[in-house]
Amino acid sequence: MRFDTKTVIVTGAAAGIGLAATRLFAEAGAHVVATDRNPDALEQAMRDVSGAVETRALDVTDEDAVARVVDPAPAVDILFNCAGIVANGSIMETSREDWDRSFLVNATGGFLMARAVLPKMLEGGGGAIINMASIVSSEKGLPNRFAYGASKAAVIGMTKSIAADYVTHGIRCNAICPGTVDTPSLRQRLEDTGDYDAAMKAFVARQPMGRLAQAEEIAELVIYLASDAARFITGQAIAIDGGISI
């Protein structure tokens, strides 16, 4: 799949799935605007990425910052909303701060990005938006993911709404619902438990395939959904979860 002449914006591009997707888009000929709230980590990550990549610091919850990234772009063909956070805990263990922050980053950030790029996509005759949801959402509940699961369910609802509103305008919008993915973020959360090995064992145990996903496996689905090969797919929440939802 080639993306020559296409402009792609990726949020949360400094690590994990965002970095893997940035790499694949750039290798396929796209001009990638790689963004992340941590500019130093972003610059470091992009040293190993070959292709046309422009880096921009971006907090997706900041509407003015979103405009500063999107407005100068002459065109936006693809948006991958990858930035997100994970809050642990059941409803009784979830603070109002964790709840609000989960929705602000996971849902509102995607809303601000999609709303900003849609005029450029409409002007260009179409485009593709891929939102990062999770199998832990309206698709499935798992323990200790109350705020996270609720916010990712909101991402799926947002995805379907955008798809319905713009299906006749050449714009497709889909959500990806991964299971557990081996990323730096996950490894840090495992470290934070105080017993990395036990936490990793528990995460692997809930994966029917007996392993975690690799970021590149999820990124390959992003590339497919952004491509013309997926031109008849919109409004879908696509599970890529190693069998959790069976």
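To be clear, the structure that these remarks concern was listed above.
As the structure is a prediction and not an experimental result, all values here were calculated from the model.

The subject of this paragraph is the sheet that holds strand S1 (residues 7-10). Taken in spatial order, the 7 strands of this open sheet run S3-S2-S1-S4-S5-S6-S9, and their pairing is parallel. Either end of the sheet is taken by a strand with one partner, and the two such strands are strand S3 (52-57) and strand S9 (237-240). Within the sheet, the average angular offset between the axes of one strand and its neighbour, ignoring direction, is 20°. In terms of strand pairing, strand S4 (residues 78-81) meets strand S5 (residues 127-132) through 4 bridges, oriented parallel. Across the sheet, the residue bridging to Asn81 is Asn131, located in S5. Of the strands in this sheet, S1, strand S2 (31-36) and S3 are in contact with helix H3 (residues 63-70), which crosses S3 at around 155°.

Another aspect to go through is the packing of helix H6 (residues 184-192) against helix H7 (residues 196-205). The contact between H6 and H7 brings their axes to 7 Å, and the two run at 125°. The angle between the axes of H6 and H7 places the two elements in the oblique class. Pair H6 / H7 crosses with right-handed handedness. From H6, Leu186, Arg187, Leu190 and Glu191 reach across to H7, where they touch Tyr196, Ala199, Met200 and Phe203. Among the residues making up the contact of H6 with H7, the classes are represented as 6 nonpolar, no polar and 2 charged.

Rules behind the numbers
Residues numbered from 1 in each chain as written. Predicted model: local features only at pLDDT ≥ 70, side-chain atom pairs only at ≥ 80, totals over all residues. Heavy atoms only, no water. Pairing = 2+ DSSP bridges. Helix = DSSP H or I, 4+ residues; strand = E, 2+ residues; numbered from the N terminus. Axes fitted to C-alpha atoms, helices over the stretch in contact; angles between N-to-C directions. Contact = heavy atoms within 4.5 Å. Parallel < 35°, antiparallel > 145°, perpendicular 65-115°, else oblique. Left-handed = near helix turned anticlockwise from the far one by under 90°. Nonpolar A, V, L, I, M, F, W, Y, C, P; charged D, E, K, R; others polar.

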